[in-house]
Structure formats: structure tokens, C-alpha cells
Amino acid sequence: MSRIPTGWKTRRNAELGLLGFAMLIVLTFSATVEANQFDSLQPNFWIPAALLSLLFLGLHVVVRFTAPFADPVLLPAVALINGIGVGFLRRLDLARAIATDKPMPGIFADTGGRQLAWTLLSLILAAVLLVVVRDHKIVSRYAYTLGLAGIVLMMIPAVLPASISEVNGAKLWIRLGGVSIQPGEFAKLALVSFFAYYLVRKREVLSLASHRFLGIDFPRGRDLGPVVTVWLFSLLILVFEKDLGTALLYFGLFIVTLYVATERASWLIIGLLLFFGGVYVAYLLGASVGGPFANFYDRAEVWLNPFDDENYNRIGGSYQLVQGLLGLGTGGLFGSGPGAGSPGEVPEVRTDFIFAGLGEEIGLFGLSALLVTYLLIVERGLRAALAVRDSFGKLVAGGLAFTLGLQVFVILGGITGLIPLTGQTTPFLSAGGSSLMANWLLIAMLLRISDAARRPATSGGSPERPGPKKAPTQLHGAMTEVIKP
């Protein structure tokens, strides 16, 4: 660890205190679950929370020595969500064991135990990234390699047979034996780095305007090539991987990063028109032609008419969506209490519909608190993007923060009926190793960039506080102000 100038606070003790508070909430959640499940606390109820505390404490120590100026809120906020996810998955395991009159699962057994093990592996990967990548700008050296890797990872499930790549109608997986991997979770990290590198070098060209319409400067036609290319890739994902959420995630990531780099609202307008226009055309083709467009048409019909008897009763229909809506409605404002509901009535409650299962037991207030925690993580990521001094770091941090926020929106929008259902998993909550590992790597990268943003700049031995002289008034304006040479 580099020498810390006298008088500068690293906020690591604040991080440790927040982490202890988060683990206290997780312990209370676990205790309430067992009290409602067994009418008394079991002797070992505290063990999962204690193990999680040790794991997060270990990562805290790594951050203390490798990224001492990193944001002190990121790690505790993510640890809270991760801990609640492990506790809820174990709650589902306990309920299933009671219903089937089987022995209680061990600490590392069933879904909750596997999620605990995946958490251990994810934190190890995050720690390795912090140790190996001491400067986030090093990643830019491998931008084109990461871009190619991201495209390959994104397209692999589309070309594989449905028997090893399709789950619930969406081709997002690689399943070999008892192991399942969702390569798209890692592809988004690689593509963020590539987009940031590309846009740092092309932002001046992409900022040029050809004409002005309704007070908005629109780009030249010759500069639309990258946007059209990413748009076509997104439509290919929509058609061949049969998932709206993944297509929206990749295309939205590129358009927002482009907007941040150029400060041109016209890119947002063009992106929205292209994406929703393509989606509507795919829907019409699904209704008239069928073929590869049929799956998206069916999902859209389920979304538009979830309570229709035909959609509700057929295989792959709206049954799980309706059950999720009923679960959210049953929870009301305060919920039935952790461990006191019936989340097992919702299909895929361990993955896609974990928000619905949690909503029944913690209610609207509890879900709102959970969403505010996600919002806090995104806000801290955007704050790091504003404060870091280099253009590449700004776009990477902004892209990663937006990716996390958009993923939560896509999932929550699907289970509440705002948009068609997607195959995305809820970050840090849903069962699954791919999502957990990829998102912890995302957080590790945000920690690295926030450390660079908050680290004091020294000149002649005297510390000088980093950051712009004037407080920015708008997110995109501030980013562009610092990005411009």
C-alpha cells in the first residue's frame, strides 16, 4: 500500500462500522426466519450470518490495504443485499425440508448453502482483481481483446443447441453436466471496458452535429455506424437468444455510455427509436411470420394479457407472472414477516422471481428499502465516475453503475408487469454463481476506480484534494466537462 499523507482519512473504519451494521440486519433476518419457521430459534441459526461476516471482513481487509481511499459505502451496501439473498434462499430450503419431512439442510447444503459457497468464490475473485489491477487504466490496454471476448460470450448461447442453452424459453446458459454458466454476465463487464476505450478515442467525431431539429443537435449520418452495429447485435440477441432484457441491457449500456461521452441528447433519442422500433417490428413478424420471432411474440402476449385463461394455463404462459403479482399483493405494506409467508407458491422464486417472494414477506416498505440500497450503490458508482480524473475511468465507472441499475429495472419491470419477462437474475440476490461472481467483479472495479478518484494528488510533498474546483450541476455535463481536453 502506498504511503497515506498525514491528515487524510481513508474512511475504512466507517466502512467497517457500516459492514457490522449490515451483518446485524442479516443476523436479525435469519433469526426472524427461524423463529417463524420453527416457533423458536435453533442453536445454529447464527452460523450463516457469522460466516458471511467473516467473508466480508476478509474483503474489507483486502480493500484496506489495496484500495485505502475507496468509497466506504459500496462494500457494506452490497454485503447487505448479498446477505439477505443467502438468508432468503436458506429460508426456502428450510420450508421445503419441513414440507417434505426431511432433515434440516446443512450450512453448505441446498440452494442457500451453494449460494454461500458461491459468495466465498466471488469475494476471492473480487480480492484478486483488487490485488492484480492496481490501476484501472491498465484495463484499457486489452480493450479490443475484451471487446472480442464480450461478443463471443454474448453469442455462444445463441449458437448452441437448446438442450444445453435454453431455460424457460431464453437461451442464455451453457449447461454441461451439473454445471450451469451464464456467459452474458461476464460479457457485460468486457463490453463496458471496450465501449469506454472506443468512445474516449471517438468522442470528438461522434459529438459533431450535422443539423439541428427541435433544438436538438443530431449527428452526421456517417457516424451512425457503431450505433447501428450494436443495434443489430441487440436484435440478434432478442431473436436468437429470445430475451428482451439482455438485448435492452447491452444496447442501453452502449447508448448511455455514448451519451455520457458526447453530451448529445440526440444519441438517446436515436437509440430509443431504434430499439423500440426494432422490438415492435419483431413483435409484428412474430404474429405474422413466426419462426425465430415467435418466442418474443408469445412473451409479449403473456405480458399484455397475463390473466387471460389461455395464457394462464398453457405451458410457458403467464402462471408465474400472475403468482408473482399475487405474492406482491399479498405482502401489502409491511409483509407477513421473514419466514411467515408462502413464497414457494411462486415459480422460479429462487432466481427470476426472488423480488416477488421477498415482497410477500417484507412488504412494500422492505422492498423499497432494498431498492434504495441498490440506488445507493448506483449513485456511489456514478459519484466515482464524476470524481475520477481520466476519461477512461469515467466511462467505465459510469457504464458499470448504469449496467447494475438497468439490470435491476429490467428484472423488477418484468415481475411487476411493466415490461415483458426477462431471463435476467437479480444482482446479489438470486441463486446462481455466474451472476454473483460477475457482479462482485463489477463492484471490485468500482472500488478500484473510486480509490483513484478519492486518492489525494500530491505535488511537492503536500496533499492536494482531488476533484473539480466547482461542483457539477448535472451528471452528463460534469462528465463531459472533465472529459473534454
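Residues numbered from 1 in each chain as written. Predicted model: local features only at pLDDT ≥ 70, side-chain atom pairs only at ≥ 80, totals over all residues. Heavy atoms only, no water.

**Examining the pattern of salt bridges**
As a reminder, the rule being used: Should a side-chain nitrogen of Lys or Arg be within 4 Å of a carboxyl oxygen of Asp or Glu, the pair is scored as a salt bridge. Working definition: helices are DSSP H or I runs of at least four residues, strands are E runs of at least two. Numbering for both runs from the N terminus. Exposure is judged per residue with a 1.4 Å probe applied to protein chains only, and the accessible area is read against the type maximum: over 50% gives exposed, under 20% gives buried, and values in between give partly exposed.
All chains considered together, the criterion is met by 12 salt bridges. Notably, a salt bridge pairs Asp93 with Arg350, separated by 3.7 Å at the nearest N-O pair. Highlighted residues: Asp93 in helix α3 (residues 74-99) and Arg350 in the loop between α13 (319-331) and α14 (354-387), separated in sequence by 257 residues. Given the relative accessible area of 1%, Asp93 is considered buried. Owing to a relative accessible area of 23%, Arg350 belongs among the partly exposed residues under this scheme. The closest approach of N and O atoms between Arg448 and Asp451, which form a salt bridge, is 3.4 Å. Here Arg448 pairs with Asp451, and both are found in helix α16 (residues 433-454), just 3 residues apart, close to one helical turn. For the pair Arg448 and Asp451, one class covers both residues: buried.

**Brief notes about the side chain of His60**
Here is the rule we go by: The contact definition used throughout considers only heavy atoms, calling two residues in contact when any of these lie within 4.5 Å.
Position of His60 among the secondary structure elements: in helix α2 (residues 47-66). Classification of His60 by relative accessible area gives buried; the value is 2%. Discounting chain neighbours no more than four positions away, the residues touching His60 are Arg12, Glu15, Leu16, Leu19 and Leu75.

**Considerations on the environment of Ala22**
Relative to the helices and strands, Ala22 resides in helix α1 (residues 12-38). What makes Ala22 buried here is its relative accessible area of 4%. Residues Ala22 and Leu75, spaced 53 residues apart in sequence, show a C-alpha to C-alpha distance of 10.0 Å. If we ignore the near neighbours within four places in the chain, the residues touching Ala22 are Pro76 and Leu80.

**A word on the confidence of the model for the protein**
Rules: The quantity called pLDDT is the predictor's confidence in a given residue, expressed from 0 to 100.
Mean pLDDT over the protein: 86, with 89% of residues reaching 70 or higher. Below a pLDDT of 50 lies the segment residues 459-485, which in the model reaches 42 contacts outside its immediate sequence neighbourhood of four places, other chains included.

**Focus: the nonpolar core**
Put simply, the test is: Nonpolar core, defined: a set of buried Ala, Val, Leu, Ile, Met, Phe, Trp, Tyr and Cys residues in which side-chain atoms within 4.5 Å join the residues together.
The biggest cluster of nonpolar side chains holds 117 residues, and the ones touching the most others in it are Leu59, Phe355, Leu358, Phe428, Leu429, Trp440 and Ile443. Examining the composition of this core, we find that 13 residues originate from one element, α3, more than from any other. Sequence-distant contacts of Phe355, defined by excluding residues within four places in its chain, comprise Leu328, Leu367, Leu370, Leu371, Tyr374, Val408, Ile411, Leu412, Ile415, Thr426 and Leu429.

**Some points on a nonpolar patch on the surface**
Convention followed: Patch definition: residues above 30% relative accessible area lacking any salt bridge, with like charges linked at up to 9 Å and the nonpolar side chains Val, Leu, Ile, Met, Phe, Trp and Tyr linked at up to 5 Å. Computed with the Shrake-Rupley method and a 1.4 Å probe, the accessible areas treat only the protein chains shown as cover for residues.
Taken together, the side chains of Trp118, Leu120, Leu121, Ile124, Leu125, Val128, Val131 and Val132 present a nonpolar region at the surface, about 640 Å² in accessible area. Tracing the backbone shows Leu125 in helix α4 (residues 110-132). Note on Leu125: relative accessible area 30%, which makes it partly exposed.

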